[in-house]
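As a plain string of letters, each chain reads:
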Amino acid sequence: MRKYLDYLIIGAKENIAYPSSIWAALFSKIIYLYMQFCLWNALFMSETKAPLAMSRDGTIRYIIVATIISCFIECDAIAWINEQIHSGNIAVQIIRPVNFSAMVFSKHVGKSAVKFLTCCIPLCAAAVLFFKMPLICRSQMIFGVASILLAYAIQFLYSLTIGLMAFWLIVTWPLNMLLGAFYKLLSGSWIPCAMFPDFLKRINALLPFRAMYEIPVTIITNQMELNLILEKLGVQLIWLAVLMILSFASWKTGTKKLIVQGG
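A brief structural summary. (Residues numbered from 1 in each chain as written. Predicted model: local features only at pLDDT ≥ 70, side-chain atom pairs only at ≥ 80, totals over all residues. Heavy atoms only, no water.)

Of regular secondary structure, the protein possesses 12 helices and 0 strands. Overall, the protein shows an N-to-C arrangement of helices and strands of α-α-α-α-α-α-α-α-α-α-α-α. Here the C-alpha radius of gyration of the protein, 20 Å, is about what a compact globule of 263 residues would show, namely 18 Å. In terms of overall dimensions, the protein has a C-alpha envelope of 60 × 40 × 35 Å along the principal axes. Classification of the 263 residues of the protein by burial places 44% in the buried group. Looking at the protein alone, contacts between residues at least 24 apart form 80% of all its contacts between residues at least 6 apart. (Helix = DSSP H or I, 4+ residues; strand = E, 2+ residues; numbered from the N terminus. Rg over C-alpha atoms; globule rule 2.2 N^0.38 Å. Buried < 20%, exposed > 50% of the residue type's maximum accessible area, 1.4 Å probe, protein only. Contact = heavy atoms within 4.5 Å.)

All chains considered together, the criterion is met by 10 aromatic pairs. Judged by centre distance (6.2 Å) and plane angle (70 degrees), the rings of Phe-105 and Tyr-152 are edge-to-face. A residue pair is termed long-range when its members are at least 10 positions apart, and Phe-105 in helix α6 (residues 100-130) and Tyr-152 in helix α7 (residues 141-164) qualify at 47 residues. Of the residues examined, Phe-105 reaches a relative accessible area of 30% and is grouped as partly exposed. Under the relative-accessibility criterion, Tyr-152 is labelled buried at 10%. An angle of 80 degrees between the planes, with centres 5.7 Å apart, marks the rings of Tyr-158 and Phe-209 as edge-to-face. With a gap of 51 residues between them, Tyr-158 in helix α7 and Phe-209 in the loop between α10 (198-204) and α11 (214-221) connect regions that are remote in the sequence. Here Tyr-158 and Phe-209 have matching classes, each one buried. In textbook terms, an aromatic cluster arises when at least three aromatic residues are bridged by ring pairs, as seen for Phe-72, Phe-105, Phe-116, Tyr-152 and Phe-156. (Phe/Tyr/Trp six-rings, centres within 6.5 Å; stacked < 30°, edge-to-face > 60°.)

In this section: the packing of helix α1 (residues 2-16) against α6. In contact at an axis separation of 7 Å, α1 and α6 are set at 45 degrees when each is read in the N-to-C sense. On the basis of the axis angle, α1 is oblique to α6. The two elements α1 and α6 meet at a crossing, and its hand is right-handed. Of α6, the residues touching α1 (which contributes Tyr-4, Tyr-7, Leu-8, Ile-10, Gly-11, Ala-12, Glu-14, Asn-15 and Ile-16) are Ala-102, Met-103, Ser-106, Lys-107, Val-109, Gly-110, Lys-111, Val-114 and Lys-115. (Axes fitted to C-alpha atoms, helices over the stretch in contact; angles between N-to-C directions. Parallel < 35°, antiparallel > 145°, perpendicular 65-115°, else oblique. Left-handed = near helix turned anticlockwise from the far one by under 90°.)

Right, let's get into the state of the cysteines. Two cysteines, two sulfur atoms, one covalent bond between them: this is a disulfide. Tallied over the entire structure, the rule returns 0 disulfides. Left without a disulfide partner, Cys-38 is nearest to the cysteine sulfur of Cys-71, which lies 18 Å away. Cysteine Cys-120 remains unbridged, with the sulfur of Cys-71 as its closest cysteine sulfur at 4.4 Å. (Disulfide = S-S within 2.5 Å.)

Quick look at the structure:
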């Protein structure tokens, strides 16, 4: 257990090695949040007669919470694993007396802890200060936190599985760019899934993306019945199990056909 704690500390140190990148990340999130606010505010103030699935306040609240969650939930494991396999350093990682997935997860948690302190908390303070509206449903806070933790694990396992595809593809950045576009759209990170057309909602219901943003953000911002909350948490648990199996299978089969490209 101590070795994984060391990896967690390493991940945290890697993230604070360049303080300017921390400020840049925070500034970019503030700009993104402001642009989203202006965009949705202009949309609701326009004279369009098309009915929208969410109210103005509900949409603004959704975007704020989704942006804050994205600060620490996003995972860069795909690029790191791809670099390790492409360079041949994966051979060193395999022979180490540690579980590869647990090691990557430990480093990810360390980086996320720094992002939570340096990005999420300042954004929360700014949101409370500038947006005069209740952002979360306090009566569902426990379920919301549980859903965020599940989304965090799902996001990591998704990134791990895609990253391990480099065992077959060697270079995964084209696949990552393609899936990244689908992920950003279908997860509800950019646009609330409630505003999707019916056919896209039906497709999205069969994919894991909404379990990363739409479900936790909806639980933490909207008042809903307990059975609906449990149903949404159940969807997350199902995708968590599926991605655990896929990532484990990808690692086991991938290491058997490993071709070292360098090192």
